[in-house]
Structure formats: structure tokens, C-alpha cells
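Coordinate inspection notes
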Amino acid sequence: FIPKMQCRQLLRCISRSPATSSSSCFGVARRQIHQPGGFDTSFGFEEVEPGQKQDRVNQVFNRVSNSYDVMNDLMSAGLHRCWKRRFVASANPRPGWRVVDVAGGTGDIALGLLEWSRKLPGRAPPPVRVAPGDGSVDSFREAAERQTAAAEAEAPAGCTVSVVDPSPSMMQVGSAKASAKGSTFASSIQWLEGRAESLPLDEASSDLYTIAFGMRNCTDLPGVLREAHRVLKPYGRFACLEFCSVENPLLSILYDEYSFRVIPPMGLLVAGDWDSYEYLVESIRRFPHQTLFANMMREAGFSAVNYEVLWPGVCCIHSGYKLPSVK
Amino acid sequence: MTSSNASSQEPGDTLAIDDDFDPDLLPLGDIRRYPNHRPLDCGQRAFLAVGSGVACLAAPWRDDMISAFGETTGEWALRRLRDDMLANEEGRRILAERPRIRTVEGGGSIDLEALRRLPEGSLGRAYADFLDRYGYSPDHRRTVCFVDDPELAYVMQRYREIHDLNHVLLGQGTDFLGEVVVKWFEAFQTGLPMCVTGAFLGSLRLRPKQTRRYLQEGGYLAYALRTGSDADLTINYYFERNWHQPLAEVRQQLRIEEPPNLK
């Protein structure tokens, strides 16, 4: 017994040309149109003008900002935390570095980078001096707390992060998280509104450029890479964490079914928004293959370009260095 | 005042749920049967049914979850309701013409100003007063998206749009007690799981004074159960052609009792 709707769809599968295909005939149809050129401007599977895409993407993120972190945890069953921790470890920001984190709205990466850099040697914490008091335990404890807070407030160890994001509501969520962690965290992060294609930063001003799960939302990938090359200092590092094409065929099937069938209804239940999460999973499919993206990085001027696929194989970290230009 | 032509289907009307919507004009693989249709497969439907049920209890202010719960669980009840409509002459006319209860600005045929000018005691005037008292608009109702058959989708949409009119006919406000009474009435009339669970679980959350009025002899629960089982289907009543009718006569025609006055 095949219901009428699926019959009509099956007939369409058979009668159309092989240039287009739809996967999962007996499930919900997805418009998967294979473009030989690779990446071009698309809002998920809907074709839109490049100018429009940025607005649509902004709308998506303004709508989902409140439940973004909760949904990330649910969708990846908490795996995204492991991926981000691995990303921060591989980016390895040293104390004193200036880092630019693009599309880092809710601040996961920025806070991770700060925590990592503070744990590295480079600045010893000042000793707690016993202040004159009435000798009671409480006054000693209070004095100690006041001194550590003052010492930390002077000039905290670690790097400084400039977060650039086109969505103010995402950054509001992020700055609330930073303030909740502590005033020293909040003071080390600068929140700038802007797009990856035109960063509000000076040339050669950053030691490290990071972008985590934001590259697929950008309209002009070569432009983003050129801009990253511009703001990095010589010997500066570029690091990009993004979903990639899944090589393992079994995982690929499971991943597709999960992405297209489970995530949009979950988005409706948790965030009240089916369309935004459908856009997010479709935008993953339209991102270029990891080797193709590595070539794009080389074309933009990065050297020693490498990518590392993280377990279970759905995302990878691309990295590259900016060498000083030979005059 | 609505004219005798109550249909709101202009060409290009994005609110239309009709089978003139040609799926073959959609891009490949798109199996939507009406605008705003979101086809679900079995697993997604089960997932959404359970998830939205939980969300309705945990977050009752989320009307999109209430709508989703009703749509994903209502297939069988909608089919039975559609068959009841087909058995009734006026119901058949409604299924054929598919009128929508929306304001003129929202693409429908309801002129609220004209309804407000109707004589006191008429159906249309009572409806306009109800909307004004609570600040509602008929355009606030969500469009059905998870029902696959377009005709059943229309039945669900019609049920949703006459909910406020059921409030008017039963003389109930939108406080918790009034909603429970209307939900019992609708549970009997439509058999939708959303109405049954909503009525039952909602009645568990009434405040003590409300519970007393609800459970007493001749109270609201008795009224709701009696009226629900005796009355004719309100979904078969062509409201758009009868705004001028006195409310008392409409109630008599539909065999709805006057509501008890227990204030």
C-alpha cells in the first residue's frame, strides 16, 4: 500500500530527467539539485539574489537567537561542545594575542578561547596579601576576595577577542553569557556588528582568525577568505570549523535522514520555527566539499592549508597560515 | 455586511485551501497540496504529535503547539466530521464553497464595522462585541499546515475559525472556565483528540471557585455535556449568511440551550 501522495512523487522521480534527483522517494521529498560548479548563492535550496540572502540569513538568526544554544545541544546531543573544545585546542590562542571570532554571536568560541589562553603559562597570579582587619575569619575572607577581584580586574591574563556578527540579538545572548561568567571575561571581549566580507578591523591586526559554523551562512566565500587574509598579521593563523561532506556512506544516510526529518520538527517544538532550521540543514548540504574549500583557501593566499575531520565525521576544522608577502 | 457570495477565493489568494492549487506547477519533488502545506511522514507525525502534546502541557501559552497537536492527531476525527458535513445540506454547501472567516483586510469577507452596526441581540453584533471585548481578530487564527488532504485541511480550518463563534453561541467568555466549557462542547461535536484532552486536562486546572460552579447541580459541566450531545453541528451552520439573525433564534435552531447564569 503506497499512499496517493507518494505515488505521485514516485512517478515524478521516474519521468523526469536524470539531471535532477530527489532522495528518499518514500519519505518527505527534498529538492536536491546538483550544481556542477560547486557553491553559488542559495538560501538553503531556494535560489535567491545575493543581496537578499544576507537579509534572509539575518532574519533567521534574529528569530532563533533565544533558543540557539538549547537547540544546538539537542540537535547534536551535546557533541557540538566537544567539537568546539577541540577547535579551541587546535586554534591554541596564546596570552596576549588579539583574536577575531567571526559569526561568533552567542560567544561559545570567544569564551572558550579566553578560558584556554588563561590557563597557559605567561602570567602568574599575584599573591594574596593579608589586609589589616579585626582578625576574624570573615574579614580575612572578605579581604582576600576583594584582593583577587582587584588583581583580576587590573589586566587579566589571556588573549582579547573581537567578536564580529551581523546579528545583534545573537550578540546580546553572547554578552549576557560573558557577563554571567565574570566581569573579566566580559571586559576581554569586544562585540562588533559587521559582516565577514567587510570586517570592521584594521589590516594585519589579528594573530588568530576563527569562525565556527558560520562560513556556510556567508554570501561570498572568496571575499570572506580574502578579508580574513587581510586582517591577519604575518604568520597569523586562520581556523574554520564547519560541517563537511560525509565520506562514510552509512553515516551519510543516517545523517541525511536525521537532518531533514528530525531537525525541522524539533525546531518547531523548541524554537517555534520550522523554516529556520530547515534552512540551516539545507545550507550545510550546499557548502563546498572540504578539499574544494581548502583550494579556495589556497587561492586566497593561505599557506600550509590543512583540514582535520572530527568524530563522527560530519564536521571538520580547516586551518591555514598567512605568510608575509615576499617583496 | 457580507454579501450572499461568501466565498473568499480570489485568484492568487494565498489563504485558499482548494484543489485548484496545481501541484504539477511546483518544483520537482515538492508534494504540497495546498499553500502552507507541510507534508509529514509517519515518523515526523508521531514525533510532532507527542512533542506538541508535551509542549501544550508544559507551555500552554504556545498556540502553535496547540495547533500542531490538533492537526497531527485529528485525521480520523476530521474524516468523520467531513462525512457528517456531507450528510447535511448546508454542510455540503460549506464544503463546496469553502468560506473563510477572515476580515476584508485579511483576505476574507467579514466586515467588522458592518457587524458592529447590526441590531443588538443579533448574531453578528454579538460576535463583533465578543471580538472587541477581548481584542481578538478573526485573522489571528493560524493556517492549517500538517493535514495532508486539502478537504480535511479545510474542515480543520473551519473548525478553528468557528471556535470564537462557539464561544458566542454558548455565551462563554475566554476565562479558563469558559474555555473548558467550549472545549467539552467541541469534543462532543468534533471528536478531535485535542478537544477531548484539552477539556479534561483543562478542567483539572480550574481554581476552587470555578470548580464549584463547574461541578454543581445545573452547573457548567452538566450544561456543556448536555448541550454538546444534543446540539446540531455548528460547523454545518453558514454563519456568513446569517449575521442578521437574532442570537436566540440561532440557538433555538441549533438546539443549544441558553447558558446557565451562575455569577
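Reading the values: rules and limits
Residues numbered from 1 in each chain as written. Chains lettered and ligands numbered in written order. Predicted model: local features only at pLDDT ≥ 70, side-chain atom pairs only at ≥ 80, totals over all residues. Heavy atoms only, no water. Helix = DSSP H or I, 4+ residues; strand = E, 2+ residues; numbered from the N terminus. Buried < 20%, exposed > 50% of the residue type's maximum accessible area, 1.4 Å probe, protein only. Contact = heavy atoms within 4.5 Å. Areas by Shrake-Rupley, 256 points an atom, 1.4 Å probe, with all protein chains shown as cover. Disulfide = S-S within 2.5 Å. UniProt positions renumbered as here; feature names shortened; annotations may be inferred. Arc of directions from axis to C-beta. pLDDT = per-residue confidence, 0-100. Pairing = 2+ DSSP bridges. Axes fitted to C-alpha atoms, helices over the stretch in contact; angles between N-to-C directions.

**Observations concerning the overall build of chain B**
Helix and strand counts for chain B stand at 13 helices and zero strands. Ordered by position from the N terminus, the helices and strands of chain B form the series α-α-α-α-α-α-α-α-α-α-α-α-α. Looking at chain B as a whole, 54% of its 263 residues are labelled buried. Considering only contacts within chain B whose residues lie at least 6 apart along the sequence, 70% involve residues at least 24 apart. Carbon and sulfur atoms form 54% of the exposed surface of chain B, whose accessible area is close to 11900 Å².

**Points about the state of the cysteines**
A full pass over the atoms with the stated rule returns zero disulfides over all chains. Residue A:C82 stays outside any disulfide, its sulfur separated by 10 Å from that of A:C315, the closest cysteine. With no disulfide of its own, B:C56 lies closest to B:C195 among cysteine sulfurs, the gap being 12 Å.

**Some details on the UniProt feature "binding site: S-adenosyl-L-methionine" (unreviewed entry) in chain A**
Residues and elements named next belong to chain A. UniProt feature "binding site: S-adenosyl-L-methionine" (unreviewed entry): in the numbering of this structure it lies at T106 and D165. The greatest C-alpha distance among the residues just named is 9.4 Å, despite their covering 60 residues of sequence, which places them together in space. Note that T106 resides in the loop between strand 1 (98-102) and helix 5 (108-119). The contacts of T106, once residues within four sequence positions are left out, are Y68, D69, M170, V173, G174 and K177. One can find D165 in strand 2 (residues 160-165). Sequence-distant contacts of D165, that is, excluding residues within four places in its chain, are made with A103, G104, G105, M170, M171, L192, E193 and G194.

**Let's talk about helix 12 (residues 290-299) of chain A**
All names here are of chain A. The set of residues buried in helix 12 consists of Q290, F293, A294, M296 and M297. Take helix 12 and look down its axis: the buried residues cluster within an arc of 155°, on one side only. Packed against the buried residues of helix 12 are helix 9 (221-231), strand 5 (232-243), strand 6 (303-310) and strand 7 (315-321). G301 sits one or two positions beyond helix 12 and adopts a positive phi of about 110°.

**Looking at the side chain of B:S122**
Assignment of secondary structure puts B:S122 in the loop between helix 5 (112-116) and helix 6 (123-134). You can call B:S122 buried: its relative accessible area is 2%.

**Things to note about the confidence of the model for chain B**
When pLDDT is low, close inspection of the predicted coordinates is not appropriate. Residues and elements named next belong to chain B. The predicted model of chain B has a mean per-residue pLDDT of 86, with 89% of residues at 70 or higher. Mean pLDDT across the elements of chain B ranges from a minimum in helix 11 (residues 208-215), with 79, to a maximum in helix 3 (residues 75-87), with 95. Confidence drops under a pLDDT of 50 for residues 1-15, and excluding neighbours within four residues, the segment shows 29 contacts in the predicted structure. Confidence metrics for the complex model read pTM 0.75 and ipTM 0.78.

**Comments concerning the sheet that holds strand 1 of chain A**
Residues and elements named next belong to chain A. Strand order in the open sheet formed by seven strands is 3-2-1-4-5-7-6, and the pairing between neighbours is mixed. Each edge of the open sheet is held by one strand with a lone partner, namely strand 3 (189-193) and strand 6. Adjacent strand axes in the sheet meet at a mean angle of 15° when their direction is disregarded. Two strands pair when backbone bridges link them, and strand 5 and strand 7 are joined in this way by seven bridges, in the antiparallel orientation. In the sheet register, E242 faces strand 7, and the bridge partner there is C316. Strands strand 5, strand 6 and strand 7 of the sheet are contacted by helix 12, whose axis makes an angle of about 20° with strand 7.

**Looking at helix 8 (residues 163-170) of chain B**
All names here are of chain B. Of all eight residues in helix 8, eight are buried, a share of seventy percent or more. Every buried residue of helix 8 is accounted for by H163, D164, L165, N166, H167, V168, L169 and L170. Where helix 8 ends, the next residue or the one after it, G171, has phi of about 65°, a positive value.

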